[in-house]
Amino acid sequence: MSEMRQRPRRNRKNATVRGFLRETRLSPANLIYPLFFHEHADDAPIASMPGCSRLSLASLVEEAGAARAVGVNAVVLFPAVEEALKTPGAEEAFNPDGLVPRAIKALKEAYPDLVVITDVALDPYSSEGHDGLVAPDGRVLNDETVEVLCRQALSQAMAGADVIAPSDMMDGRVAAIRDALDDSGYEEVSILSYTAKYASAFYGPFRDALDSAPRHGDKQTYQMDPANAREALRECMLDEDEGADMLMVKPAGPYLDVIRLLREATTLPLAAYQVSGEYAMLKAAAERGWLDEKRVVLESLTSIRRAGADAILTYYARQAAEWLG
Ligand code: PBG
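Definitions and cut-offs
Residues numbered from 1 in each chain as written. Predicted model: local features only at pLDDT ≥ 70, side-chain atom pairs only at ≥ 80, totals over all residues. Heavy atoms only, no water. Near = heavy atom within 4 Å. Polar contact = N/O pair within 3.5 Å; in protein donor to acceptor, adjacent residues only side chain to side chain. Areas by Shrake-Rupley, 256 points an atom, 1.4 Å probe, with all protein chains shown as cover. Nonpolar A, V, L, I, M, F, W, Y, C, P; charged D, E, K, R; others polar. Core = buried A, V, L, I, M, F, W, Y, C linked by side-chain atoms within 4.5 Å. Buried < 20%, exposed > 50% of the residue type's maximum accessible area, 1.4 Å probe, protein only. Helix = DSSP H or I, 4+ residues; strand = E, 2+ residues; numbered from the N terminus. Contact = heavy atoms within 4.5 Å. Salt bridge = Lys/Arg side-chain N within 4 Å of Asp/Glu carboxyl O. Phe/Tyr/Trp six-rings, centres within 6.5 Å; stacked < 30°, edge-to-face > 60°. Lys NZ or Arg CZ within 6 Å of the ring centre and 35° of its normal.

(A) Broad picture of the site of the ligand. In the region of the ligand, 18 residues are neighbours, and Lys-197, Arg-207, Lys-250, Ser-276 and Tyr-315 sit closest. Between the ligand and Ser-167, the relevant distance is 2.8 Å, taken from a nitrogen atom to a side-chain nitrogen or oxygen of the residue. Measuring from an oxygen atom of the ligand, one finds a side-chain N or O atom of Lys-197 at 2.6 Å. Taken by itself the ligand offers 400 Å² of open surface, and the protein chains cover 100% of this. Of the residues belonging to the shell around the ligand, the class tally is 8 nonpolar, 3 polar and 7 charged.

(B) Region of interest: the nonpolar core. Phe-36, Val-75, Leu-77, Leu-107, Ile-259 and Tyr-273 are the most contacted members of the largest nonpolar core, which has 105 residues in total. Counting residues per element, this core draws most heavily on helix α4 (residues 143-159), at 7 residues. Ignoring sequence-local partners within four residues, the contact set of Ile-259 consists of Val-249, Ala-252, Leu-270, Ala-272, Ile-304, Ala-307, Gly-308 and Ala-309.

(C) Here's a closer look at the pattern of salt bridges. Inspection of every chain in the model, using the stated rule, returns 16 salt bridges. Residues Lys-86 and Glu-83 are paired through a salt bridge, measuring 3.6 Å at the closest nitrogen-oxygen approach. Salt-bridge contacts for Arg-178 lead to Asp-182; the nearest nitrogen and oxygen are separated by 2.9 Å. Pair noted here: Arg-178 and Asp-182 are both in helix α5 (residues 173-183), with a separation of 4 residues, about one helical turn. Look at Arg-178 and you get buried, because its relative accessible area is 11%. Since its relative accessible area comes to 30%, Asp-182 is described here as partly exposed. Linked by salt bridges that have partners in common, Glu-63, Arg-318 and Glu-322 make up one network.

(D) Main features of unusual backbone geometry. Residue Pro-251 is reached from Lys-250 by a cis peptide bond, and omega for that bond is -10 degrees. If you check the backbone angles, Ala-90 has positive phi at about 55 degrees while not being a glycine. Under the relative-accessibility criterion, Ala-90 is labelled buried at 0%. Positive phi, close to 65 degrees, is recorded for Met-169, a residue that is not glycine.

(E) Representation of the packing of aromatic side chains within the structure. A complete count under the given rule lists 11 aromatic pairs for this structure. Ring centres of Tyr-273 and Tyr-315 lie 6.0 Å apart, and the angle between their planes is 45 degrees; on these two criteria the pair is classed as tilted. Separated by 42 residues along the polypeptide, Tyr-273 in strand β9 (residues 270-274) and Tyr-315 in the loop between β10 (311-314) and α11 (317-324) bring together distant segments of the chain. Classification of Tyr-315 as buried rests on a relative accessible area of 5%. Each ring, one from Tyr-279 and one from Tyr-316, has its centre 4.7 Å from the other, and the planes form 50 degrees; the classification is tilted. With Tyr-279 in helix α9 (residues 276-287) and Tyr-316 in the loop between β10 and α11, this pair connects stretches of sequence that are 37 residues apart. Accessibility expressed as a relative area gives 3% for Tyr-279, which makes it buried. Among the aromatic residues, those joined into a cluster by ring pairs are Phe-36, Phe-78, Tyr-194, Phe-206, Tyr-273, Tyr-279, Tyr-315, Tyr-316 and Trp-323. Above the ring of Tyr-203, the side-chain terminus of Lys-250 is found at 4.6 Å from the ring centroid.

Right, dumping it as structure tokens:
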């Protein structure tokens, strides 16, 4: 007779049992697809993100269509803005005929029910490469920046964006953008706030993609210190209070504890961003044959869901959805 009553392995004995006991599900509906695009007619591959390119507007629409076909019906737009259009005041950020408004219109025309999410921050448009306006002494200005962010958000809403995602980490921007949208009749446009966005080295490839690295200094006076978790709770309470509809933690994989912390602290839906550096690491190891790409990608995305994220922004969105079949 066996001495052992507890045999956890009984719950793993075959695929059917494992299937009905599985605690976390990953489906294409959980995924949001970030896309890079530019003004040119050709696509330009991004060296540090194999498989990703700066797309032409036509390719952007095509890629969104391919993602939809496998069940990913949400995209986030990241424009690579021409160097000549970058200014200290980042005025191109709210140009109603700029690249982003044109991309939103093209996407909505092709796929009216596609959920188009836009990034609000000045870095792709700023000759300084910062998310906010920079004072002569190098400080990144808060309240002055928030005014520009409101204009940027409005220009995106006017073009048809469904969800506005401020990634700038200025104080008070969620409330200000909410008010600006409501005052102009855009009560139905959602705000997905980058609540806990860390000053992370994992954004390196993204900054290559957009040529948007800070020209001076770094982003530590506005993005969060990677050593802090409690501080994320403070940002969470503020964003809830300011009227955010959904919150985000970024990066995702190295910050699973923060995802879990916010999951337990808020009733709001939570997103997490598997950022460019996380993508690059997985891609590089897979290309060398050191990791099984499909398995590590699906495991990493499942882990982000398990930590508590409802939605995941990932450059693997289309590919993962294809794998999930
Ligand atoms: C811009 C922005 C960044 C990312 C998303 N929006 C870069 C940054 O803050 O420097 C990073 C995304 C990624 O690395 O995939 N505000």
